Structure formats: structure tokens, C-alpha cells
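Below, each chain spelled out in residue letters.
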Amino acid sequence: MQPVGPYRFTHMLGTCPAGKAWAAIDGQGRLVTIAVLNAAVADAPGWREAFVGTANGLAQAPGGQTFAYADFSAAEPWVAYPAEAGPGAERLFRALGQDYQPVPTEGGPAAPVSGVPQQVSGVPQQVSGVPQQVSGVPQQVSGVPQQVSGVPQQVSGIPQQVSGVPQQVSGVPQLTSGPPPAPWALHAGPPVAPNPTPAPARPDADEPQPPAVGPMDGPPPHDPFAAPVRRIQPSAPPKRRTGLWLKVAALALAVAVGSGAAVWALAPDEPADPDIPPTVGATAFPTAAAVDPPLKPWAQAAPYSPEERALAVAAPALVFVETVFTGYVRDASTNTPIRATPITFTRRCSAFVVTPDGHALTSSACVKPTQETARQIALDTVARMLVREQTLVPAQVQEYIRTNMGKTKFTGIDPGTEPGTEIHGQLNTARGNLTTEPAIPAQVVRALPPDTGNIALIKLGRGSLPVAELNPSATLTDGSSLLILGFATTDDDFRTATYGPQSKLVGITGTGRRGSASISRINQDLGTTSHGGIALDPSGRVAGMIDQDQARPDRANRVIVPSSSLNALIGEAGTANKLGDSDKLYRKALDAYFAGQHSAAITQFDAVSQASPGNLLAKAYRQNAVERQQNESEPSDQSVWLMVLLAAAGGALSVGLIVLVVMLVRRRRDV
């Protein structure tokens, strides 16, 4: 069984006519139970709504069970419950009135349970007369009275006392004789043998009775009706219409078979099972390792939501950038270095690719800071060296920087030259201080200072990289929401930290100006290395770039530079934002995946992976599409047979109604 959404199924817990319960695990190894409604049942009128309403009702009830995730719009709707909350999937099916059958364990088969059993006192007696109405919703029983769980049955004669309160049955009551017409009618209990009290035999009223034996005081009185000849002849019994009933039975059989055959012929062909190794009973372990991308959109947002798709579209273009600056802090008047050794410091941030040949946008403060900013960072580095040498105490660091800012400058090896810079970018998971493969060298193409935008265009030394698409017409209004995406870390040690893409849904709290350019402020951020990251619109296009808020004392990354300013800088550098062929195919594959066209998605994701090896999400979604296709192909035979069964039962019911009308008409004519 393949996973549903972010879950991988491990084994089946139980079944019922409407669906199955599975045990599964999510991407973090947490256990869940999942209730999956059969596709054919979900298509039946009212079933999908009942499934959704019951799940929500259980979640909202006091002390109820809350589900972790759900997909009610899928061909087979499903709901996932945390395993620690108990058998959530089983409770959902029982709440729907289903005959849930647990899968037998090693200790022996589990006893079948059908709803809530009712205790019936006494045995119904077979008597003649008009059937009486029993409280609750009646079921019509033909022949021998049946013992059913839940609602009491309608029997001929006087009903017996029922212990307990009759239960309400959802849906329309169905006939229990013959083939069941709907999934909810498949849980009738076993028949109960009747125990009628035989009525005493009565002699035929038309036959002469023997006289009572007893003493006689005289001759019997004259009986004028004691003649040996009958005066009242019994009427002849009506002719049995055997031929009529044979024709009716043949008609019912023909309609049932014809309805089933019609549904069989009109049912769409099921897709062939994908050519993949079986998950159970395989003769060898798979040789290819499962893809584990650092960002899993289906775990960052609700599965199959617009947020998941937006992250899936843009995340492959995200780049981790590290810039190393090397130079000397010199006395401004004499050009004498205040330290004999060079001063080195590092800046880390995010970026995103905007052209297939490797151009990327990021923050100028990260790759080309102003002379004042670079000098301040260099003096901070010198002050902390002095603290380690015990020349300064930590409390004097800020005063040392303030005192020397106007007396020094930060230069290259020679006075008057720029400090040396070395820039590297990494895709997917990144490590600090990495300058070899898979790190990609880069250089600055064009940069704007903080007062005119604080954005920079860099060129990575590699092509065929995933590209993000800009939306220059995007509007950033107060109170609206944005999905931001950038690199972050939870490691405490800066030297050995590992960074990965993270996302968060934020709100716009206001607007401002940065020179002639407008900016928007947001209420949350992703951390110190997220500037240069992406602000996404619902389609997965870039609405703006994350940057530092220079008006805040902590300079938190809570500013969005609009996409129109980004597009202008790209144009000034003589290039343009455009998607490559693999980027267009990747978006087409995502469209097929989210539309449930898994065969097409698998083929297209394969082509993307070959053309753009750095796009790990293409490989991950290809894997998800294979597993989801396998999951949806398993219940195909059951679905077809269930459709045939429903059609046959519907045909038989129609014929029964016709026969009932004919009988009523004939009875009125006879009267």
C-alpha cells in the first residue's frame, strides 16, 4: 500500500463495506491510523458528505478525536488520526454505522462487530394479522424475522418488548432480503430460527362432527339440518398463477443481470499497475535510496493545498550564499594596520536563481556591504580578538567599536584597494565554511546600496539550475498574507552549522520607503540568514525579496522588497528573468501530480531530474506519484464489483415495485 499524502502505510488494521483502516507513519516517524473511504462509495450520493461531516463532528465534540490531516476532495477521501489518540480510524467507521472487521492478529481472528448490539427480550411469535409499527426506523423483513444490530425490525404480529433505546440509522432504510442495494445494508446479522407457538388444530366447519359421548335420557331432538346432503358448498380455490410468477421472476433476473452488465461495460478502464517492485514479499531490497529533500512542501503546509504547490514550485531555486571578506583594519591617517594579521569575517544569507545560466538575486548587505558596514564588522572582529587576549573585557566591545569607527578604514592587502571577497552558493542542504563541491563559486554582477534598494545580482558558476519566476505586477497590501521561504538553522555553533530551507506564512503590517523604492514590513521572520529569500504569491511566483529592516535595532529580516524593483535591477544588468525548458516541464509535472494524473507526472518528473539534477523535489514528487498510483490501483476490482452489485440491486428493486403495483391493481379488480 503506497502512502496517502505525507504518510507511508505499514499494514491494514481493519475493513468495512465502505472502506479500510490503515496503520501508517509520517515523515518524522510518528504513527497514525488512517481511514480511507472507497472511491465507489465516495461517489455514491451523500457518502462523501457523511464522511466529512462525521469526521468534523467527532473532532468538534467535547472530548472528541481530532485528526492530524485529511483530504476530503481526493477520489478516495481519507482522514489521519495520531496513534496515541487510540483507534481513530475504527471509531470513524463505527460512527458511520459500518460493520468494521479488525484484521486478525497472531492471537487469532478478531470477533466481528456490527454496530451496537441490542438485546431483544423474548422471541417474536408468528401470528396472523396486520404488522404493527415498532419505534425507530423500521426495516422490512421478508420471510423469517432477522436479528439485526441497531434498529429493531418490522415483524408481522405484535412486537415484543425491546430492551434499550432503539438506535437511529443514517440514510434511507433498505430492504434486507435479496442482494443488498447499498454498502450500509451489508451488515445484517445472522437469521434467527423462529419459535412460533403452534395454534390448536380446528376441525373443518363443513364436516359433520361426532356426537359427544354421554348418558342420554331420551331420543335426540329433531334436527332439520341433519340431512345427509350438504346445503352449502365451499367455493373452489382460486387458480394458481404459476405462469405469472415465473414470468415476473424471469423479468427480475433479466433486469438485474442487464443492469450489472451495463455498469460493467460503461465503467472506465482501470489504469494498469505501475511497473514497480512490490512492497510486500519482494525477493530483494531496493538498490536506490529514497529521496529525502531538506524541504518537504507536503509537511510544511496542508497536503495538496495551494501553499504546498507554491512551495513545490519555488523551493528548488532557493540558494544558500556564504561570502568571506578578507582585509586589514588600518589607521585612517597613517594607513598602518592595527593588527599585523589580516581580518576575516563571514556573511551568510539566502538567494534565488532567476535565469537558467545561473544569475541569482540576493541582499547587497550580504555580498557587497558598504564601507561603513564592513568596517564596523571588522572592528567587532578585532574587539573580540582582544577579549580572547584579555586586553578588553566583553562589556567594552561596543565602546571600542564606537571609538574607532571614525579613525579606521577596512581595505585590501594594499591601502586604497577593496577587501578580498569569496562567494559560494549551495542548493538544498548547506554547510558553513564549505568552498569545495557541491558549493558553487559566484561573483557580484551588480549591487544597489541600502538607501536605493539593498539588492544585488550575482552570477553562479554553473548552469541548468532551477529558476524562480518573478511576478512584477504583484501588489503587497496591508493585512494580506505572504508565504516566505529562506535558509535557516537550529545549530548553535556558527562554524559547523547546517542550513536548510524553511517556510512560514506571515502578514503584511505596513509599508515604507527605501530611497525612491517602496518596501513592506511583515510581522515574523525566519532567522538571521533568511534575507535574500523569497516572498511567494499563491501561484508560486516571486512577489518580493526578504531583507533586513534597517529601522529596527535588531535589524531583523522583516522587510519585503517588491518584485518590480528586482525586475528593474535584472534589466539594468542586461539580462531577463525567464524559465528554462526543464522549469516549464517541472511545473507541468506538478500540475499533473496535483490533478491526480500520476502516470504523466512520473514521466515528466523523470525528464526534469535528468535535465536538472539539483532539483531534488522533482525526484521526491516522482516517488510520491509512483506510490500514490500504486495505492489508488489496489481497490479497483472491489470498486467495479461494488458498482455491479449496486446496479443489480437497484434493478431488482425497480422490478419489485412494478410487481407490487400490478398486484394491487389486480386485487382491486377482483374486489
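Basis of the calculations
- Residues numbered from 1 in each chain as written.
- Predicted model: local features only at pLDDT ≥ 70, side-chain atom pairs only at ≥ 80, totals over all residues.
- Heavy atoms only, no water.
- Helix = DSSP H or I, 4+ residues; strand = E, 2+ residues; numbered from the N terminus.
- Buried < 20%, exposed > 50% of the residue type's maximum accessible area, 1.4 Å probe, protein only.
- Contact = heavy atoms within 4.5 Å.
- Pairing = 2+ DSSP bridges.
- Axes fitted to C-alpha atoms, helices over the stretch in contact; angles between N-to-C directions.
- Parallel < 35°, antiparallel > 145°, perpendicular 65-115°, else oblique.
- Left-handed = near helix turned anticlockwise from the far one by under 90°.
- Nonpolar A, V, L, I, M, F, W, Y, C, P; charged D, E, K, R; others polar.
- Phe/Tyr/Trp six-rings, centres within 6.5 Å; stacked < 30°, edge-to-face > 60°.
- Expected span 1.5 Å × (residues − 1).

Let's talk about the overall build of the chain
- When you go through the chain residue by residue, the secondary structure sums to 14 helices and 20 strands.
- Split into buried and exposed, the 671 residues of the chain put 40% on the buried side.
- Taking all contacts inside the chain whose residues are at least 6 apart in sequence as the whole, residues at least 24 apart take part in 66%.

Focus: the pairing of strand β7 (residues 318-331)
- In terms of burial, β7 is largely enclosed, as 11 of its 14 residues are buried.
- Where β7 lies against strand β8 (residues 343-353), 10 bridges are found, and the strand directions are antiparallel. Looking across to β8, one finds that Leu318 is bridged to Phe352.
- Two elements, β7 and strand β11 (residues 420-427), share 8 bridges in a ladder whose sense is antiparallel. Residue pairing for β11: Thr323 is matched across the bridge by Ile423.

Observations concerning the sheet that holds strand β6 (residues 101-102)
- Pairing in this open sheet of 6 strands is antiparallel, and the strands run β4-β5-β3-β2-β1-β6 from one edge to the other. With one partner strand each, in any of the chains shown, β4 (69-71) and β6 form the two edges of the open sheet.
- In terms of strand pairing, β4 meets strand β5 (residues 78-82) through 3 bridges, oriented antiparallel. Across the sheet, residue Tyr69 finds its bridge partner in β5, namely Ala80.
- Sitting on the sheet, helix α2 (residues 47-60) is in contact with β3 (31-37) and β5, with an inclination near 20° to β5.
- Relative to the sheet, helix α3 (residues 88-95) contacts β1 (8-16), β2 (19-25), β3 and β5, its axis offset from that of β3 by approximately 30°.

Concerning the environment of Gly500
- Looking at where Gly500 falls in the secondary structure, it is placed in strand β16 (residues 498-514).
- You can call Gly500 buried: its relative accessible area is 15%.
- Distance in space between the C-alpha atoms of Gly500 and Pro293 is 9.6 Å, their sequence separation being 207 residues.

Quick look at unusual backbone geometry
- Cis peptide bonds are those with omega within 30 degrees of zero, and the linkage from Glu437 to Pro438 qualifies with 15°.
- In this structure, Pro438 sits in the loop between β12 (430-431) and β13 (440-447).
- With a phi angle near 65°, Tyr304 is a residue other than glycine that sits in the positive phi range.
- With respect to the helices and strands, Tyr304 occurs in the loop between α5 (297-300) and α6 (306-314).
- Located in the positive-phi region is Gln390, a residue other than glycine, with phi close to 65°.
- Tracing the chain through its elements places Gln390 in the loop between α8 (371-388) and α9 (397-404).

A short note on the packing of α2 against α3
- Relative to each other, α2 and α3 sit at 120°, their axes nearing to 10 Å. One way to sum up the angle between α2 and α3 is to call them oblique. Every pair of crossing elements has a handedness; the one defined by α2 and α3 is right-handed. Residues Phe51, Thr54, Ala55 and Leu58 of α2 pack against Arg91, Leu92, Phe93 and Ala95 of α3.
- The residue makeup of the contact of α2 with α3, split by class, is 6 nonpolar, 1 polar and 1 charged.

A short note on the packing of aromatic side chains
- One pass over the full model with this rule turns up 18 aromatic pairs.
- Relative to Phe594, the ring of Tyr304 has its centre 6.0 Å away and its plane inclined at 80°; by these criteria the two rings are edge-to-face. Residue Tyr304 is located in the loop between α5 and α6, and its partner Phe594 is located in helix α11 (residues 581-594); the two are separated by 290 residues in the primary sequence.
- According to the relative accessible area criterion, Tyr304 is partly exposed, its value standing at 23%.
- Aromatic rings pair up to connect Trp298, Tyr304, Tyr586, Tyr593, Phe594, Phe605 and Tyr621 into one cluster.

A word on helix α12 (residues 598-611)
- The terminal C-alpha atoms of α12, which comprises 14 residues, lie 20 Å apart, in line with the 20 Å expected from a rise of 1.5 Å per residue.
- Considered for burial, the residues of α12 that qualify are His598, Ala601, Ile602, Gln604, Phe605, Val608 and Ser609.

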